[in-house]
Amino acid sequence: LRDGFWGHDSLAMSQDPELFQERHLKYISLLGKGNFGSVELCRYDPLGDSTGELVAVKKLQQDSAKEIRDFEREIQILHSLQHDFIVQYRGVCYSRGMRGLRLVMEFLPNGCLRDYLQKNQPRLEHCTLLLYAWQICKGMEYLGAQRCVHRDLASRNILVESDSHVKIGDFGLAKLLPQDKDYYVVREPGQSPVFWYAPESLADNIFSCASDTWSFGVLLYELFTYSSKSKSPSEEFLRMMGTGKPAQIICHLLELLKDNRRLPAPAGCPAEVYALMMSCWAFAPSARPTFGQLAPKIEALRDGRSK
Ligand SMILES: N#CCCn1cc(-c2nc(Nc3ccc(C4CCNCC4)cc3)nc3c2CCN3)cn1
């Protein structure tokens, strides 16, 4: 289209609500660092009068061909998801061609659940922790129905919309299952802390909805320890392993899990909640509950305990 009222960009560009123009994306602050990426708070302000909306913009740190290809897959996965307990896709911003590719998402004002739990521990009751657990479980049930494996379920990847609403916030390691298999074997070994990994993921890089259930159990543990650093999964497992050489952490952790050693019950954690975590940590993937089976169990725990 010739230059005219729309300035130098094409009419189509200005009309597509999912295309964000870099020149209108105003940087405000750094929100966090996920896997291979950073997330910034920006205001999308095409009118230039600071009335534009706040958005969270994810971009790659490295921009190798593989990182860009994986990022494009992450964007496609998030674009295909639409659920109350999954962070909303808004669009993309291309600058410098594909090298400057950025993912634009809704901004959640209260940050990630790990920090939120630490900061608000005194006023967060078990009933609220179980509400967060139920919402994440429903989001994961929906994800499984889309044949998507998250691979990095942890409180650092959950975002807080409000006191009563959390969302799964990062899909940097998510994979879509092929039609003919219900598991995914990754080539690059553990990119995220191994203390959230199921045994089959530690041993053979195998990921599935069942390995997501294992990580969900660790997330339940994080909820009921209010993500305390001293009681974190890493600290607890390292304590159980003693001061082995760092090289053998994965083998040592696997031995421990084979010996049926598990994270301890968090202080004050109701026995039924600990039993639920333990069911997610069944050694055999097939013995773990699905998210569809976990949701009603969490509901029952919520109703059973009014406070
Ligand atoms: N998940 C995951 C891991 C990757 N990651 C994602 C985000 C993210 N953060 C927010 N909001 C957000 C974040 C931090 C604060 C802090 C700032 C310092 N003071 C304390 C509060 C406040 C609000 N909104 C989002 C996203 C993605 C989509 N929407 C950040 N890191």
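Residues numbered from 1 in each chain as written. Predicted model: local features only at pLDDT ≥ 70, side-chain atom pairs only at ≥ 80, totals over all residues. Heavy atoms only, no water.

1. Examining the site of the ligand
In the vicinity of the ligand lie 16 residues, with Ala56, Glu106, Leu108, Gly111 and Leu159 positioned nearest. Take glutamate 106: an N or O atom from its main chain is 2.7 Å from a nitrogen atom of the ligand. At 2.7 Å from a nitrogen atom of the ligand is found a main-chain nitrogen or oxygen belonging to leucine 108. Across the complex, the protein chains shield 76% of the 640 Å² of accessible surface that the ligand would expose by itself. Looking at the shell around the ligand, the elements with two or more residues in it are strand 1 (25-34) and strand 5 (102-106). (Near = heavy atom within 4 Å. Polar contact = N/O pair within 3.5 Å; in protein donor to acceptor, adjacent residues only side chain to side chain. Areas by Shrake-Rupley, 256 points an atom, 1.4 Å probe, with all protein chains shown as cover. Helix = DSSP H or I, 4+ residues; strand = E, 2+ residues; numbered from the N terminus.)

2. Description of the environment of arginine 288
With respect to the helices and strands, arginine 288 occurs in the loop between helix 9 (271-280) and helix 10 (291-304). Placed 185 residues apart in sequence, arginine 288 and leucine 103 show a C-alpha to C-alpha distance of 34 Å. Residues within four places of arginine 288 in sequence aside, it is in contact with Ala198, Pro199, Glu200, Ala210, Ser211, Thr213, Trp214, Ser279, Cys280, Ala282, Phe283 and Gln293. One polar contact links the side chain of arginine 288 to the main-chain carbonyl oxygen of phenylalanine 283, over a distance of 2.9 Å. (Contact = heavy atoms within 4.5 Å.)

3. Side note on the packing of aromatic side chains
The geometry of an aromatic ring pair is captured by two quantities: the separation of the ring centres and the angle between the planes. Within the structure shown, the criterion is met by five aromatic pairs. Relative to tyrosine 44, the ring of phenylalanine 20 lies with its centre 4.7 Å away and its plane at 70°, an arrangement referred to as edge-to-face. A residue pair is termed long-range when its members are at least 10 positions apart, and phenylalanine 20 in the loop between helix 1 (11-15) and strand 1 and tyrosine 44 in strand 2 (residues 37-44) qualify at 24 residues. With a relative accessible area of 13%, tyrosine 44 lands in the buried category. Here the aromatic rings of phenylalanine 195 and phenylalanine 237 are separated by 5.8 Å at their centres, their planes lie at 15°, and the arrangement is stacked. A residue pair is termed long-range when its members are at least 10 positions apart, and phenylalanine 195 in the loop between strand 10 (184-185) and helix 5 (199-204) and phenylalanine 237 in helix 7 (residues 233-241) qualify at 42 residues. This pair shows no difference in class: phenylalanine 195 is buried, exactly as phenylalanine 237 is. When the ring centre of phenylalanine 207 is taken as origin, the NZ or CZ atom of arginine 151, which lies over that ring, is 4.2 Å away. (Phe/Tyr/Trp six-rings, centres within 6.5 Å; stacked < 30°, edge-to-face > 60°. Buried < 20%, exposed > 50% of the residue type's maximum accessible area, 1.4 Å probe, protein only. Lys NZ or Arg CZ within 6 Å of the ring centre and 35° of its normal.)

4. Focus on the pattern of salt bridges
Evaluation of the coordinates by the stated rule reveals 15 salt bridges. Where arginine 90 meets glutamate 53, a salt bridge forms, and the shortest distance between an N and an O atom there is 3.5 Å. Taken together, the residues arginine 90 in strand 4 (residues 89-93) and glutamate 53 in strand 3 (residues 53-60) connect sequence positions 37 residues apart. Put simply, aspartate 70 and arginine 73 hold a salt bridge, and the shortest N to O gap is 3.6 Å. (Salt bridge = Lys/Arg side-chain N within 4 Å of Asp/Glu carboxyl O.)

5. So, helix 2 (residues 65-80)
Spanning 16 residues, helix 2 covers 23 Å between terminal C-alpha atoms, matching the ideal 22 Å at 1.5 Å per step. Regarding helix 2, the residues found buried are Glu67, Ile68, Phe71, Glu74, Ile75, Ile77 and Leu78. Summarising the contacts, the buried residues of helix 2 are in contact with strand 3, strand 4, strand 5, strand 6 (148-149) and strand 9 (175-176). (Expected span 1.5 Å × (residues − 1).)

6. Let's talk about the pairing of strand 3
The pairing of strand 2 with strand 3 spans eight bridges and is classified as antiparallel. Bridged to arginine 43 within strand 3 is leucine 54. Bridging between strand 3 and strand 5 involves five bridges; their strand directions are antiparallel. Paired with lysine 59 across the strands is arginine 102, a residue of strand 5. (Pairing = 2+ DSSP bridges.)

7. Side note on the environment of glutamine 121
Mapped onto the elements of the fold, glutamine 121 is located in the loop between helix 3 (113-120) and helix 4 (126-145). By relative accessible area, which is 37% here, glutamine 121 ends up partly exposed. Distance in space between the C-alpha atoms of glutamine 121 and tyrosine 226 is 6.2 Å, their sequence separation being 105 residues.

8. Remarks on the nonpolar core
One broad rule of soluble globular proteins: the nonpolar side chains tend to lie buried together. Judged by nonpolar contacts, the single largest core of 76 residues is most densely connected at Leu113, Phe216 and Leu223. Top element by residues in this core is helix 4. It accounts for nine residues. (Core = buried A, V, L, I, M, F, W, Y, C linked by side-chain atoms within 4.5 Å.)

9. Let's talk about unusual backbone geometry
Working note: non-glycine residues mostly have negative phi, and peptide bonds are mostly trans. Positive phi values are uncommon outside glycine, yet arginine 151 reaches one of about 75°. Take arginine 151: it is sitting in the loop between strand 6 and strand 7 (158-162). For arginine 151, a relative accessible area of 3% puts it in the buried group. Positive phi is not limited to glycine here, since serine 227 has a value of about 50°.

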